[in-house]
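# Coordinates in review
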Amino acid sequence: MNEKLSTPSNITIERKLNHVEICLHGNVSFEGKNTGFEHYSIEHQAVPEINYADINLTTTLLGRTIGSPLMISSMTGGYHEAATLNRQFAQAAEHFRIPLGVGSMRQALENNEHRESFAVVRKAAPSVPVFANIGAPEVAAGLEGSQIETMLDLIQADGLIVHINAAQELFQPEGNTNFHGFLDQLASLTAKTPVPVIAKEVGCGISGEAARLLIEAGVKVIDVAGAGGTSWQKVEEVRYTKRFGAENRFSPEGLDELLNWGIPTSECLSEISKLKKDHPQYQSIEIIASGGIRSGIDIAKAILLGASMAASAGMLLKALHEGKLLQTIELWLNDLKAVMFLTGSLSLEQLQTKRMTLKHRPTL
Ligand SMILES: Cc1cc2nc3c(=O)[nH]c(=O)nc-3n(C[C@H](O)[C@H](O)[C@H](O)COP(=O)(O)O)c2cc1C
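Below: a short report on this structure. Keep in mind it's a predicted model, so treat the numbers as computed, not measured.

## Quick notes on the overall build of the protein
Looking only at helices and strands, one finds 17 helices and twelve strands in the protein. Relative to the globule expectation of 21 Å for 364 residues, the C-alpha radius of gyration of the protein, 20 Å, shows essentially globular dimensions. Projected onto the principal axes, the alpha-carbon positions of the protein cover approximately 70 × 50 × 45 Å. Residues counted as buried form 54% of the 364 residues belonging to the protein. In the protein, of all internal contacts separated by at least 6 residues, the share reaching a separation of at least 24 is 78%. Carbon and sulfur atoms provide 52% of the accessible area of the protein, an area that totals close to 16200 Å².

Here it is as structure tokens:
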């Protein structure tokens, strides 16, 4: 085995590089499971009584005003080429005045070789909320104050995202499946971190009950990252097979179910919105809808289901690769504005009060 590639830091670098390649060129979407947005229909308002030109997409996240209810999800950093991707994502975020997250900063905690690949984000996006990122296994193992400081300082972060990725770690060749003590460590992290902590999944979704545990541990925002878009089990299965061959870890039927494991994004939103309704003390908790966002219509439906905004990773990475990142975001925002016009909503607060019905679903 190549000695250079076997050190923990080089494995982290290689993994982040693999992730982008596999997400761009592999077949890693959920199959037989969608976000669930397709089951909803937003009610048309025949007499909108508004001027399209007056529609306003601005909103807030953690008290900061942002241009539109869309965030570029946490993706990359920690290797040389990631600086180019992060710079381009950051330039788009600054252009639309929308927030963005960087990928896991574990590599930056292992050594200082590629810290610039994270730091570029703040340089290219000086005026928008930018979020640091670290995984649940690192949190469960206990993060020191100096490590938290390093991550936040590198990008002058407005918040710290903790990604909770049990299924991804389970499928990852070098995955860390020790989540023992995570909630206690998360509570201590939220208590000592000087910026708000956001909890997110990576594509398997957060249920109402899981959200309650996370809120009780002190997180201020839940990004559901539900099923229907990128399957991280599939991404890691590609890496596993490449390294170890098609070694059967699960039965064929079990594997199929596990690769598509997770709670559809729309279901996560319904559950967490209900949790907020039932617990007035959780009113200030903000919900981000992500996992399989494919258009501005999805963003509108997410807002009607109680999210304050949406976020996207896989689709925006592909758009960037094709040189269409700005255009894609523009089109999604046009979709959203169309829905607002057709529901007579001048603002996102007004949109949130409109009606949406569940379409007929074929009986099983
Ligand atoms: C190339 C790539 C790398 C990612 N790396 C991270 C990461 O480091 N940290 C994280 O929280 N999520 C990461 N994600 C997960 C996304 O933020 C998102 O939660 C997930 O892909 C589901 O959203 P999607 O269906 O829009 O892709 C990554 C996604 C992509 C496409």
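## Brief notes about helix α10 (residues 208–216)
Spacing of three or four residues puts side chains on the same side of an α-helix, whose turn is 3.6 residues. Looking only at α10, the buried set comprises Gly208, Ala211, Leu214 and Ile215. For α10, the arc enclosing every buried residue in end-on projection is 120°, short of the 170-degree limit, so these residues lie on one face. Once α10 ends, the next one or two residues include Gly218, with phi positive near 105°.

## Notes on the pattern of salt bridges
All told, the structure shown has 15 salt bridges when counted by the stated rule. The salt bridge involving Glu138 is made with Arg106; its shortest N-O contact spans 3.3 Å. Highlighted residues: Glu138 in helix α6 (residues 136–141) and Arg106 in helix α4 (residues 106–110), separated in sequence by 32 residues. Exposure remark for Glu138: the relative accessible area of 15% places this residue in the buried category. Across the salt bridge formed by Lys123 and Glu116, the nearest N and O atoms sit 2.7 Å from each other. According to the relative accessible area criterion, Glu116 is partly exposed, its value standing at 42%.

## Things to note about the side chain of Gln172
Relative to the helices and strands, Gln172 is located in the loop between α8 (166–171) and α9 (182–192). By relative accessible area, Gln172 is classed as buried at 5%.

## Overview of empty space enclosed by the protein
All chains considered together, the criterion is met by one cavity of 30 Å³ or more. One number sums up the size of the largest cavity: a volume of about 30 Å³. With four residues, α9 is the single largest residue contributor to the lining of the largest cavity.

## Regarding the site of the ligand
Taken together, 23 residues form the shell around the ligand, and within it Lys16, Ser74, Ser104, Lys200 and Thr230 come nearest. The contact in question runs from an oxygen atom of the ligand to an N or O atom on the backbone of Ser74, over 2.8 Å. In the environment of the ligand, an oxygen atom lies 2.8 Å from a nitrogen or oxygen atom belonging to the backbone of Gly292. Isolated, the ligand exposes 610 Å² of accessible area, and the fraction of that covered by the protein chains is 97%. In this structure the site holding the ligand corresponds to the largest pocket. At the level of secondary structure, the elements contributing two or more residues to the shell around the ligand comprise α2 (8–25) and α15 (314–321). Per-element tally for the shell around the ligand: the top contributor is α2, with three residues. When its residues are assigned to classes, the shell around the ligand shows eight nonpolar, twelve polar and three charged.

## A few points about the environment of Gly32
Tracing the backbone shows Gly32 in the loop between α2 and β1 (40–42). Accessibility expressed as a relative area gives 90% for Gly32, which makes it exposed. Sequence-wise, Gly32 and Lys324 are 292 residues apart; in three dimensions their C-alpha atoms are separated by 28 Å.

## Brief notes about the environment of Gly229
Mapped onto the elements of the fold, Gly229 is located in the loop between β9 (221–223) and α11 (232–244). Leaving out residues up to four positions away in the same chain, Gly229 has contacts with Val28, Ser29, Phe30, Gly291, Gly292 and Arg294.

## Focus on the packing of aromatic side chains
Counting across every chain of the model gives three aromatic pairs. Measuring from centroid to centroid gives 5.7 Å for Tyr52 and Phe341, while their planes differ by 80°, and the two rings are edge-to-face. On the criterion of sequence distance, the pair formed by Tyr52 in the loop between β1 and β2 (59–61) and Phe341 in helix α16 (residues 325–342) is long-range, its members being 289 residues apart. Ring geometry for Tyr240 versus Phe244: centroids 4.9 Å apart, planes at 55°, classification tilted. Taken together, the positions of Tyr240 and Phe244, both in helix α11 and four residues apart, correspond to about one turn of that helix. Residue Phe244 is classed as partly exposed on the basis of its relative accessible area, which comes to 41%.

## Some points on the layout of surface pockets
Space inside the largest pocket adds up to approximately 810 Å³. Together, 46 residues line the largest pocket, and Ser74, Met75, Val202, Trp232 and Ala313 are the ones closest to its centre. The set of elements that each furnish at least two residues to the lining of the largest pocket consists of α2, α4, β6 (130–135), α6, α8, β11 (309–312) and α15. Looking at the lining of the largest pocket element by element, the count peaks at six residues for α2. Of the residues assigned to the lining of the largest pocket, the class counts are 13 nonpolar, 24 polar and nine charged.

## A closer look at the side chain of Ser104
Within the secondary structure, Ser104 is located in the loop between β5 (100–101) and α4. Here Arg106 takes part through its backbone nitrogen, which lies 3.3 Å from a polar atom of the side chain of Ser104. Aside from chain neighbours lying at most four places away, what touches Ser104 is Lys16, Phe118, Asn133, Ile134 and His163.

Rules used throughout
- Residues numbered from 1 in each chain as written.
- Predicted model: local features only at pLDDT ≥ 70, side-chain atom pairs only at ≥ 80, totals over all residues.
- Heavy atoms only, no water.
- Helix = DSSP H or I, 4+ residues; strand = E, 2+ residues; numbered from the N terminus.
- Rg over C-alpha atoms; globule rule 2.2 N^0.38 Å.
- Buried < 20%, exposed > 50% of the residue type's maximum accessible area, 1.4 Å probe, protein only.
- Contact = heavy atoms within 4.5 Å.
- Areas by Shrake-Rupley, 256 points an atom, 1.4 Å probe, with all protein chains shown as cover.
- Arc of directions from axis to C-beta.
- Salt bridge = Lys/Arg side-chain N within 4 Å of Asp/Glu carboxyl O.
- 1 Å grid on protein atoms, 1.4 Å probe; cavity = no way out; pocket = protein on both sides within 12 Å on 5 of 7 lines; lining within 4 Å.
- Points joined across faces, edges and corners; volume = space filled by probe spheres on them.
- Near = heavy atom within 4 Å.
- Polar contact = N/O pair within 3.5 Å; in protein donor to acceptor, adjacent residues only side chain to side chain.
- Sits in = over half its atoms within 2 Å of the grid points.
- Nonpolar A, V, L, I, M, F, W, Y, C, P; charged D, E, K, R; others polar.
- Phe/Tyr/Trp six-rings, centres within 6.5 Å; stacked < 30°, edge-to-face > 60°.

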